[in-house]
Amino acid sequence: MARFDSQSIKTINDVMADRADRHKFVRNHNRRTNINEQLPDWAKNGPKKTSSAADSQELSRLNEQLDAQMAGFELYKRLRNAVELAQTLDDSDIQAIRNNLAQPNGRGDMSVDAPKLFEQYCQQHNLQFQKN
């Protein structure tokens, strides 16, 4: 209605003319340009089927790393829920969190804010741990 007022559209003929103009505008301006899409050379023949011992070792290393990251993520989720809901964690979870926080990067496979969350958890439950 505001557009009709601003463009002085008052009669049904004005509405129909405006509608036709808008359809013509959309039809002329919403065209997709033709794009010549081709696969790159490396993708034309599919993946290479060669497998070596180095590839399998790299794959197993990546799988172990992914498993550790997923375990760290699950541990971080349990820690976050424990802090938000004022719940207690199992001793094994606390030990795993402490082992992750003792890593050189200060958080292991857990999130960047895991050390602060663990400090909050310790304050909530009056736990005292020596810094590693």
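Scroll up to find the structure this text is about.
Predicted model only: the values in this text are computed from it and were never measured. (Residues numbered from 1 in each chain as written. Predicted model: local features only at pLDDT ≥ 70, side-chain atom pairs only at ≥ 80, totals over all residues. Heavy atoms only, no water.)

1. Digging into the pattern of salt bridges
Pairing between side chains becomes possible if they bear opposite charge and their charged atoms approach one another. Enumeration according to the criterion identifies 3 salt bridges in this entry. In this structure, E58 and R61 form a salt bridge, with 2.6 Å as the shortest nitrogen-oxygen distance. Taken as a pair, E58 and R61 lie in helix α4 (residues 53-84) at a separation of 3 residues, close to a single helical turn. What makes E58 partly exposed here is its relative accessible area of 37%. Classification of R61 by relative accessible area gives partly exposed; the value is 41%. (Salt bridge = Lys/Arg side-chain N within 4 Å of Asp/Glu carboxyl O. Helix = DSSP H or I, 4+ residues; strand = E, 2+ residues; numbered from the N terminus. Buried < 20%, exposed > 50% of the residue type's maximum accessible area, 1.4 Å probe, protein only.)

2. Re the packing of α4 against helix α6 (residues 114-124)
Relative to each other, α4 and α6 sit at 40 degrees, their axes nearing to 9 Å. Taken as axis vectors, α4 and α6 run oblique relative to one another. Considering the relative orientation of α4 and α6, their crossing is left-handed. Touching Y76, L79, R80, A82 and V83 of α4 are A114, L117, F118, Q120, Y121 and Q124, all from α6. (Axes fitted to C-alpha atoms, helices over the stretch in contact; angles between N-to-C directions. Parallel < 35°, antiparallel > 145°, perpendicular 65-115°, else oblique. Left-handed = near helix turned anticlockwise from the far one by under 90°. Contact = heavy atoms within 4.5 Å.)

3. Digging into the side chain of N100
Secondary-structure assignment places N100 in helix α5 (residues 91-101). By relative accessible area, which is 13% here, N100 ends up buried. Dropping the residues within four chain positions of it, N100 is found in contact with L75, G106, R107, G108, D109 and M110.

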